[in-house]
Amino acid sequence: MKNKGNNNIFKLIAILVVAIWGTTFISTKTLLNAGMKPAGIFVIRFTVAYIGMLLIQLAGRSRFRLFCSSIRDEAAMLFLGVTGGSLYFWSENTALEYALASNVSFIVCTAPLMTALLYSAVKKEKLSRNILVGSLIALSGIAMIAFSGGEGIRLNLKGYALAIVAALTWAFYTIVAGDILKKYPSEMMTRKVFFYGILTIIPLFFKTGWETPLETILETEVLLNLVFLGLVASLGCYAVWNIVIKKIGEVGSSNYIYLNPLFTLLGASLILGERLAPIAAVGSFLTLSGVWIAGRNRN
């Protein structure tokens, strides 16, 4: 009973983290509209997060480790930095330049289904009925949310292709992270994801250039969004999410990503003043129902 209670706590934490991540689509879109580039947003976001995590770990010196025990594990950390960092956020942020935030959120949130399929293939495990049924219900709900604007999904192959890349890379991140977290503390893995994410985005960063005046970055709205993305959505949420993966599993934690578009939609309604259409309300209910079904006991 105690373990079940602890799992429920981590499920609530997962919902909170996804709620925050859902609003990042709006925050990133705001920064893009202000003239910032996808790579530039990522560099600032992860640099702030890395410095924060480094300071936290240095404060608790007994748990601080600079390198992994083997080259293979260090390579895995590099892989996580790409799939959960540079490639993921570059593809997602760039997709937002070509498509609506809600539509990008919908496509990115096919990641749980991709994770489940990938996990089944890699681990040679059969998917449970709850996961399959819950995933289909959640996806149908997200589809209703995406189409609720009246115009449907705007056809933009480049933007949607990039969103699919983001979803696939997050699936790989989740699977590999589950294995790494069995060997290393979550805060160490989080720090390395930030570090390797920054390292691997540098070539693209220099290619696209900065092109954002300092006065733009110092504007209150821009600065607050950068702080939110760096300290809250990256430093805080990544650290907590890695613990969630460890506690409730790769597939179980991934299913909560289905809630992402729901919170994006709610955030757009509250922050941007957009109305919640009736079909979106029905879609939200289906999404919540699907996540609940997928998260039930899978034995």
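What counts, and where the lines are drawn
Residues numbered from 1 in each chain as written. Predicted model: local features only at pLDDT ≥ 70, side-chain atom pairs only at ≥ 80, totals over all residues. Heavy atoms only, no water. Core = buried A, V, L, I, M, F, W, Y, C linked by side-chain atoms within 4.5 Å. Buried < 20%, exposed > 50% of the residue type's maximum accessible area, 1.4 Å probe, protein only. Helix = DSSP H or I, 4+ residues; strand = E, 2+ residues; numbered from the N terminus. Contact = heavy atoms within 4.5 Å. 1 Å grid on protein atoms, 1.4 Å probe; cavity = no way out; pocket = protein on both sides within 12 Å on 5 of 7 lines; lining within 4 Å. Points joined across faces, edges and corners; volume = space filled by probe spheres on them. Nonpolar A, V, L, I, M, F, W, Y, C, P; charged D, E, K, R; others polar. pLDDT = per-residue confidence, 0-100. Phe/Tyr/Trp six-rings, centres within 6.5 Å; stacked < 30°, edge-to-face > 60°. Salt bridge = Lys/Arg side-chain N within 4 Å of Asp/Glu carboxyl O. Lys, Arg positive; Asp, Glu negative; His and termini not counted. Axes fitted to C-alpha atoms, helices over the stretch in contact; angles between N-to-C directions. Parallel < 35°, antiparallel > 145°, perpendicular 65-115°, else oblique. Left-handed = near helix turned anticlockwise from the far one by under 90°. Expected span 1.5 Å × (residues − 1).

Trp21, Trp170, Met189, Tyr238 and Trp241 are the most contacted members of the largest nonpolar core, which has 78 residues in total. Residue contributions to this core peak at 12 residues, all from helix 10 (residues 220-248). Discounting chain neighbours no more than four positions away, the residues touching Met189 are Met77, Leu80, Tyr173, Ala177, Ile180, Leu181 and Asn242.

Relative to the helices and strands, Val18 resides in helix 1 (residues 2-33). In this structure, the C-alpha to C-alpha distance between Val18 and Thr264, residues 246 residues apart in sequence, is 9.7 Å. Ignoring anything within four residues of it in the chain, the contact list for Val18 reads Trp241, Tyr256, Ile257, Leu259, Asn260 and Phe263.

Before going further, it helps to spend a moment on empty space enclosed by the protein. Left-over empty space is what a probe sized like a water molecule reveals as it rolls over the atoms. Tallying each qualifying case throughout the model produces one cavity of 30 Å³ or more. When its volume is computed, the largest cavity comes out at roughly 130 Å³. Taken together, 13 residues make up the lining of the largest cavity; nearest its centre are Trp21, Tyr88, Glu92, Trp170 and Asn260. Going through the elements one at a time, helix 1 and helix 3 (71-98) are the ones with two or more residues in the lining of the largest cavity. A class-by-class count of the residues in the lining of the largest cavity yields nine nonpolar, two polar and two charged.

It is worth spelling out the side chain of Thr169 at this point. Among the structural elements, Thr169 can be located in helix 7 (residues 157-180). Those residues within four positions of Thr169 in sequence are excluded, and the remaining contacts are Thr83, Leu87 and Tyr88.

This part is about the confidence of the model for the protein chain. When pLDDT is averaged along the protein chain, the result is 82; 86% of the residues meet or exceed 70. For the protein chain, the element scoring lowest by mean pLDDT is helix 4 (residues 101-108), at 74; helix 3 scores highest, at 93.

Before going further, it helps to examine the packing of aromatic side chains. Scanning the entire structure with this criterion turns up 18 aromatic pairs. Taking the centre distance of 6.1 Å and the plane angle of 85 degrees together, the rings of Trp170 and Tyr238 count as edge-to-face. In this pair, Trp170 is assigned in helix 7 and Tyr238 in helix 10, connecting sequence segments 68 residues apart. The buried category is assigned to Trp170, whose relative accessible area is 4%. A relative accessible area of 1% places Tyr238 in the buried class. Among the aromatic side chains, those forming a connected cluster through ring pairs are Trp21, Phe42, Phe46, Tyr88, Phe89, Trp170, Tyr173, Phe194, Tyr238 and Trp241.

In this section: the pattern of salt bridges. All told, the structure shown has three salt bridges when counted by the stated rule. Of the charged contacts in the structure, one is a salt bridge between Lys183 and Asp73, with a shortest N-O distance of 3.2 Å. Of this pair, Lys183 sits in the loop between helix 7 and helix 8 (186-208) while Asp73 sits in helix 3, and the two are 110 residues apart along the sequence. With a relative accessible area of 53%, Lys183 lands in the exposed category. The partner of Glu74 in a salt bridge is Lys192, and the shortest N-O contact between them spans 2.7 Å.

Let's shift gears to the environment of Lys126. Structurally, Lys126 is set in the loop between helix 5 (111-123) and helix 6 (129-146). Residue Lys126 is classed as exposed on the basis of its relative accessible area, which comes to 82%. Residues Lys126 and Ala116 lie 10 residues apart in sequence; the distance between their C-alpha atoms is 9.6 Å.

Turning next to the side chain of Arg191. Mapping Arg191 onto the fold places it in helix 8. Of the side chains bearing the opposite charge, Glu74 lies closest to the buried Arg191, which forms no salt bridge; the N-O distance is 7.0 Å. In contact with Arg191, other than residues within four places in its own chain, are Tyr50, Met53, Leu54, Gln57, Phe64, Arg65 and Leu66.

Moving on, we come to the packing of helix 2 (residues 38-59) against helix 3. Put simply, helix 2 and helix 3 touch, their axes get as near as 9 Å, and they point 135 degrees apart. The orientation of helix 2 with respect to helix 3, classified from their angle, is oblique. At the point where helix 2 passes helix 3, the crossing takes the right-handed sense. Contact with helix 2, carried on its side by Pro38, Ile41, Phe42, Arg45 and Phe46, involves Gly84, Gly85, Ser86, Phe89, Trp90, Asn93, Thr94 and Glu97 of helix 3 and no other residues of that element. Split by residue class, the contact of helix 2 with helix 3 holds six nonpolar, five polar and two charged.

The subject of this paragraph is helix 5. Given a rise of 1.5 Å per residue, 13 residues ought to cover 18 Å, and the 17 Å separating the end C-alpha atoms of helix 5 matches this to within 8%. If you check which residues of helix 5 are buried, you get Ala111, Pro112, Thr115, Ala116, Leu118, Tyr119 and Ser120.

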